[in-house]
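Topology and contacts: notes
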Amino acid sequence: MDILIELFAWFADPARWTGGGGVPARMGEHVYYSLLGLLLSAVVAVPLGLFTGHTGRGGFLTTSLANFARALPTIGVLFLIVLAAGIGLVPVLCALVALAVPPILVNTHEGVRGVEPRLRDAAFGMGMRGHQVLLRLELPVAVPLILIGMRTAAVQVVATATIAAYVGVGGLGRYIVDGQARQDLTMMLGGSVLVVLLAVLTTLLFAGLRRLLVAPGLRTGAVAGR
Amino acid sequence: MITFEGAAKLYPDGTVAVDALDLTVETGQTTVFVGPSGSGKTTSLRMINRMVEPTGGAVLIDGQDVRLRDPAALRRSIGYVIQQAGLFPHRTVRDNIATVPLLLGWGRARARARAAELMELVGLEPSQARRYPHQLSGGQQQRVGVARALAADPPILLMDEPFSAVDPVVRASLQDELLRLQEELHKTVVFVTHDIDEAVRLGDRIAVFRPGGRLAQYDSPERLLAAPRDAFVESFVGYDRGVRRLSFFPARELSLREDVVFGDDTAAGAAAASMRGEPWALVVTGDHVPLGWAGAGQLARVPADTALGSLDLAPYGHTFAVDTDSLRAALDAAVLSPAGRAVGVDAAGRVVGVVSQEDLGTALWSVTE
Ligand SMILES: Nc1ncnc2c1ncn2[C@@H]1O[C@H](COP(=O)(O)OP(=O)(O)OP(=O)(O)O)[C@@H](O)[C@H]1O
Ligand SMILES: [Mg+2]
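Sequence order as written defines the numbering, with residues in each chain counted from 1. All chains are assigned letters beginning with A, and all ligands numbers beginning with 1, in the order in which they are written. Reporting in this predicted model follows two pLDDT cut-offs: at least 70 for local features of residues, and 80 or more for side-chain atom pairs to be given and counted; totals over whole chains, interfaces and linings ignore these cut-offs and use all residues. With hydrogens and water excluded, all non-hydrogen atoms of the structure serve as input to the side-chain values.

Right, let's talk about the nonpolar core for a bit. Considering soluble globular proteins, one finds that nonpolar side chains tend to be buried as a cluster. Here, nonpolar core means buried Ala, Val, Leu, Ile, Met, Phe, Trp, Tyr and Cys residues that are tied together by side-chain atoms lying within 4.5 Å of each other. Categorising residues by exposure relies on relative accessible area from a 1.4 Å probe, with only protein chains included: less than 20% of the type maximum marks a residue as buried, more than 50% marks it as exposed, and the intermediate range marks it as partly exposed. One finds Val34, Ile97, Met159, Phe191, Ile196 and Ile206 of chain B to be the most contacted residues of the largest nonpolar core, which totals 41 residues. Segments assigned H or I by DSSP are reported as helices when at least four residues long, segments assigned E as strands when at least two residues long, and all are numbered from the N terminus. When residues in this core are grouped by element, the largest group, five residues, is from helix α6 (residues 138–150) of chain B. Any pair of residues with heavy atoms lying within 4.5 Å of one another is described as a contacting pair. Residue contacts for Ile196 of chain B: discarding those within four places in its chain leaves Val34, Leu224, Phe236, Val237 and Arg244 of chain B. Within the second largest apolar cluster, 37 residues are counted, among which are Leu134, Val157, Val169 and Ala215 of chain A.

This is the structure we're talking about:
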């Protein structure tokens, strides 16, 4: 019980809410790195997945690559890049991208591959060209799966962006790293609670995005085309 | 006019899907490709819109080789209906229908107005415009599929087993609808099915394919049923082709007897006296609505002054419409009637007369001449 009271006191401390080390600033940094990492990953993975899914080419290669990347220890990647490129935001983003690309890539690829051949046939048969089939049929039908990939990636990125603290660029990870250094359990716990909170918010955000971006005809568990 | 000139398709795995097909599809008519599974119907159909490229010979539309046309542009000028409709699940009914007009660069408003027109044409409610495909029944989805194919008013319509995934009742109504549409639109329709009944019902001309992608016979439905060219065609059109052929002869030509039809207030004795040996009397209401059959033996047993309407009558089964039905329907009505006689009615369902077995027999005999 004591620890809960201390945690409450930690959050209640007015100093916690102002200045460069305050929760709003740290939270801002954390969200910024996460967003940047996720967007960069999407920019790489979505077009690539659309291409491999649409053409059916390179599918095996991308999935194997993605599986390989998934097995990489993120912190190892971080330190490797720090050794190569020095301290700063770049190694953090690289590590986050390496983490986020695989789920987005695999889901985009599978989402496009999963479009019923019958529908693709109808699209070509009506006189759509390749890019029109991709943009007017395959992409919209793949959106639910792409969003699931993005959500998985986003939650992982939010949790992992704590590593930014190791290379001195802040974020919520600072509370955990500093708390560890000072043997301050309450601070570590406070930081963790904030990260978990952010992860939950991320999940909620994707529930909202799903309502916004998925065509009503694809919701309600209706599988593509039946 | 669509012409297959020795068109062939050989797949790399050695399958001969279509073997040197020579065939001419007339403009404004419905031509049906029929045949067992794997006989190359779909492959031949898809050569027309270049969804399949022939490995030999050519397909011409109005004399021009389709290979000279850009595939996408060609396909936009040809309606294409596939099995189970293949509607886009993420688009509403009206946006599905507007697909080709939008590809052709029409404005959204014009494309949607056109979609509304087509929904009416194929018998869909305007309220269904904003529904999604999964909210429609199979039959409704097929209607949307047909509307989508017709949206840009293409002169040619290709239909690959469009009605095979719906139940027989819905299929029959979709077939009726297609016949009605075709009467209005006069498209050049190429229709694939493996149901010979559907082929006979819809086709002006029928091409029967045999395994190995070869044409077994190309004829009018009447000729196909009357004179199948060989044993394969004969077995494919079915050994009941004789009965089926009766659908081409109108029931109108049957002679109908009125002397065995009696009002329900007629006395049993009077009826028995005027039947002259006929075993059954049909009892009708004052408005000529059929009630049922009374047997001669039954009439002899009851007191002579009994009104026919108060007797326990045998059900009259189902009737045939004298003006619109075929001999096949009349025969069917006779076979299913407990009296072995068919009841002919007019458009309003009023009894016109009864066909006796002898008269039906005479009519059937004259058909086989
Ligand atoms: N891509 C392909 N590669 C190899 N063989 C094929 C291919 N497509 C079709 N075939 C073969 O070509 C033959 C004709 O096929 P097609 O689809 O034209 O038949 P169909 O008459 O439409 O049959 P169904 O009534 O079953 O639809 C079949 O033996 C089929 O297996
Ligand atoms: Mg087929």
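What follows is about the pattern of salt bridges. Residues and elements named next belong to chain B. For salt bridges, the criterion is a side-chain nitrogen of Lys or Arg within 4 Å of an Asp or Glu carboxyl oxygen. What the rule picks out here adds up to 26 salt bridges over all chains. Put simply, Arg112 and Asp95 hold a salt bridge, and the shortest N to O gap is 3.2 Å. Taken as a pair, Arg112 in helix α5 (residues 108–121) and Asp95 in helix α3 (residues 93–97) lie far apart in primary sequence, 17 residues in all. Between Arg241 and Glu234 there is a salt bridge, with its nearest N and O atoms 3.0 Å apart. For Glu234, a relative accessible area of 26% gives the class partly exposed. Here the salt bridges do not stand alone but share partners, grouping Arg257, Asp259, Arg276, Glu278 and Arg341 into one network.

Residue and element names in this part refer to chain B. Alternating residues of strand β6 (residues 78–81) divide into Ile78 and Tyr80 and Gly79 and Val81, and every residue in both groups is buried. Note: β6 against strand β7 (residues 156–160), four bridges, orientation parallel. Following the sheet pairing, Tyr80 is matched in β7 by Leu158. Criterion used throughout: strands pair if DSSP finds at least two bridges between them.

The phi torsion of most residues other than glycine is negative, and most of the peptide bonds are trans. Residue and element names in this part refer to chain B. In this structure, Asp153 is a non-glycine residue whose phi angle is positive, near 55 degrees. You can see Asp153 is positioned in the loop between α6 and β7. A relative accessible area of 48% means that Asp153 is categorised as partly exposed. Even without being glycine, His288 reaches a positive phi, approximately 70 degrees. With respect to the element layout, His288 can be found in the loop between β12 (280–284) and β13 (290–295).

Turning to the site of ligand 1, a few remarks are in order. Residues and elements named next belong to chain B. Proximity is defined per residue: any heavy atom of the residue falling within 4 Å of a molecule or strand makes that residue near it. Ligand 1 sits among 14 residues. The nearest are Ser37, Gly38, Lys41, Thr42 and Thr43. In protein, a polar contact requires one atom able to donate a hydrogen and another able to accept it; more generally it is a pair of N or O atoms within 3.5 Å, and residues adjacent in sequence count only if both atoms are side-chain atoms. One of the backbone nitrogen or oxygen atoms of Gly38 is found 2.8 Å away from an oxygen atom of ligand 1. Within the side chain of Lys41, an N or O atom sits 2.8 Å from an oxygen atom of ligand 1. Only the protein chains shown count as cover for residues, with accessible areas throughout obtained via the Shrake-Rupley method and a probe of 1.4 Å. Starting from 640 Å² of accessible surface for ligand 1 in isolation, the protein chains cover 63%. By residue number, the principal contributor to the shell around ligand 1 is helix α1 (residues 41–48), which donates three residues. For the shell around ligand 1, a count of residues per class yields three nonpolar, eight polar and three charged. Basically, the charged four are Asp, Glu, Lys and Arg, the nonpolar ten are Ala, Val, Leu, Ile, Met, Phe, Trp, Tyr, Cys and Pro, and anything else, Gly included, counts as polar.

Let us look at the UniProt feature "domain: ABC transporter" (unreviewed entry) in chain B. UniProt positions are given in the numbering used here, feature names are shortened, and annotations may be inferred rather than shown by experiment. When the UniProt feature table is mapped onto this chain, "domain: ABC transporter" (unreviewed entry) is found at residues 2–237 of chain B. Within the segment residues 2–237 of chain B, helix and strand shares are 38% and 25% respectively, and the terminal C-alpha atoms sit 25 Å apart.

Right, let's get into the UniProt feature "domain: ABC transmembrane type-1" (unreviewed entry) in chain A. Per the UniProt record, "domain: ABC transmembrane type-1" (unreviewed entry) is found at residues 27–206 of chain A. Counting secondary structure, residues 27–206 of chain A comes out at 83% helix and 0% strand; the distance between its end C-alpha atoms is 19 Å.

All names here are of chain B. Relative to strand β2 (residues 16–25), strand β1 (residues 2–10) runs antiparallel, the two sharing six bridges. Within the sheet, the bridge partner assigned to Leu10 lies in β2 and is Val16. Hairpin geometry of β1 and β2 is characterised by an intervening segment of five residues between the two adjacent antiparallel strands and by a positive phi of about 95 degrees at Gly14.

Facing the 24 residues of chain B at the interface are 25 residues of chain A. Note on definitions: buried area is the accessible-area loss of two parts on being combined, 1.4 Å probe, summed for both. A combined buried area of about 2,200 Å² lies between chain B and chain A, and 58% of that area is made up of carbon and sulfur atoms. The largest share of the area that chain B buries against chain A comes from Pro89, His90 and His134 of chain B, three residues that together contribute 27% of it. On inspection of chain B and its partner chain A, the count reaches two salt bridges.

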